[in-house]
Every structure is written in structure tokens, then in C-alpha cells.
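# A closer look at the structure
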Amino acid sequence: MNSERTIHPPQPIPYPHNKIIKQLYRFPILLYRLGLGKLIGQYILIISTHGRKTGKVHRTPVEFHRHQGRIFVISGFGDQPDWYRNLQADPHVTLNTDRGIINALARKPQGQHEWNAVLDYLRTSPITNLSQQDLINRLDDPAVLKQIQQWPVITFDPANEEDPPPLTADLVWAWPLFLLTAALNILITWLATRDK
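One structure accompanies this document, and this report is about it. (Residues numbered from 1 in each chain as written. Predicted model: local features only at pLDDT ≥ 70, side-chain atom pairs only at ≥ 80, totals over all residues. Heavy atoms only, no water.)

Helix and strand content of the protein chain: nine helices and seven strands. By its C-alpha atoms, the protein chain is 70 × 40 × 35 Å across when sized along the principal axes. Counting across all 196 residues of the protein chain, residues that qualify as buried make up 42%. A total of about 11,600 Å² of accessible surface is found on the protein chain, and carbon and sulfur atoms cover 58% of it. With 21 positive and 17 negative side-chain charges, the protein chain shows a separation of 6 Å between the mean positions of the two kinds. (Helix = DSSP H or I, 4+ residues; strand = E, 2+ residues; numbered from the N terminus. Buried < 20%, exposed > 50% of the residue type's maximum accessible area, 1.4 Å probe, protein only. Areas by Shrake-Rupley, 256 points an atom, 1.4 Å probe, with all protein chains shown as cover. Lys, Arg positive; Asp, Glu negative; His and termini not counted. Charge placed at Lys NZ, Arg CZ, Asp CG, Glu CD.)

When you line up the elements, Asp 170 lands in the loop between β7 (153-158) and α9 (174-194). With 66 residues separating them in the primary sequence, Asp 170 and Ala 104 have C-alpha atoms 22 Å apart. A distance of 2.8 Å separates a polar atom in the side chain of Asp 170 from a polar atom in the side chain of Arg 33. (Polar contact = N/O pair within 3.5 Å; in protein donor to acceptor, adjacent residues only side chain to side chain.)

With that settled, consider the sheet that holds strand β1 (residues 44-50). Strands sit in the order β2-β1-β5-β6-β7-β4-β3 across an open sheet of seven strands; the sheet is antiparallel. The two strands at the open ends of the sheet, each matched to only one other strand, are β2 (57-63) and β3 (65-67). Looking at each pair of strands side by side, their axes are set apart by 35° on average, direction ignored. Note: strand β5 (residues 92-97) against strand β6 (residues 100-107), six bridges, orientation antiparallel. (Pairing = 2+ DSSP bridges. Axes fitted to C-alpha atoms, helices over the stretch in contact; angles between N-to-C directions.)

The next thing to look at is the nonpolar core. Residues Ile 74, Val 118, Leu 139, Ile 148 and Trp 151 are the most contacted members of the largest nonpolar core, which totals 16 residues. Listing elements by their share of this core, those giving two or more residues are β4 (70-74), α5 (111-124) and α8 (142-148). By residue number, the principal contributor to this core is α5, which donates six residues. Each residue touching Trp 151, except ones within four places of it in the same chain, is listed here: Ile 7, His 8, Pro 9, Pro 10, Ile 74, Lys 108, Leu 122 and Leu 135. (Core = buried A, V, L, I, M, F, W, Y, C linked by side-chain atoms within 4.5 Å. Contact = heavy atoms within 4.5 Å.)

Below, the structure is given as C-alpha cells:
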């Protein structure tokens, strides 16, 4: 295989231009708000950025890789996503993961050690394994690494200030309502079938 072929970041589906599909992509935000971030937070983080035009806080779920305490993110949709454009304008971000809230400054990886972590990310990413198995077999090729270094890859350095504000689990109160509704549905179904 020719390593000079242009290689793009793993993208199992096209960029979502449809509003309904975009809302489905945002489902992990609801899970975090319901207090379930620990269930998905090993693979999906919520990145909070300031809008480059409005300054408003925007939140986006993205797949990430943790390597020796450092977090790496690859934009599978190139430089199209608003979150990526926002952090280029203002690198201050807040990350929600399974380990809690991280205030950070976004930047491109630097040095061979960090780029080796990106390669490790690609080797272990379910998205890469599903969409670009041939890429995994060529990650040791220097020409491939040179192309990957042009991708929208981000890592984060700790920051002291909490800016933008983090996503909070503000819907945890809804769980008793969900459980009560489920219990009532089970009871009604049981009563309805019992009389037959």
C-alpha cells in the first residue's frame, strides 16, 4: 500500500448537517446531566468551550484517549466542528470525564512522546478499528505519522481558572420520578393482566 495516499481522521459516518442527527450526538450530555457520567466517561468526555462568535458556553461530547494522565482528542470531522473552531479562538476549556471536572488549555500535541500517545489512541480506538483498520497496520510508517500530525488533534494542559463553567449533574433529581413512573407502569400492567 502506498503511504503517500492522503489519510483522514477516523470518521465512521458523515458530518451531521441534519439537526435531528446533531441532537442524537448530544445524548451523552443528557447522561452526564442525569449523573451517569461515570458510566460513559471513560470513553466520552464533555468539552465546554466559549463560542467564537457569541462567547456563550457550548458543550460537546467527544471520544477521547487518556495516556499517562494526559487526555487526547481527535476531531473525526476535521476542522468543521464548532467545538474545534471555538477552542482555536479561545483554548480555555472545561472537560467532564469519569474522573471529574478538569480545567484546561487546549493545544496540539508536541514532541515524540505525545505523538506516540496519539498513535496508541488510534490503535485502541473503537472508531478507528471500525472505520480504518488498514490505517492501524501502517501507524509505524513515518510518512503516515507526518500526515497524522496535520490532523485536528488536541491535548490539554491543566489550567487554574474554571472557565468556561463545567457541565453539572443538574437533572439527578429526575431519577425518583423515572423510578416511580416505571414502578407505576409495572403495577398497572400487572393489575391489568392479573384480572384476565
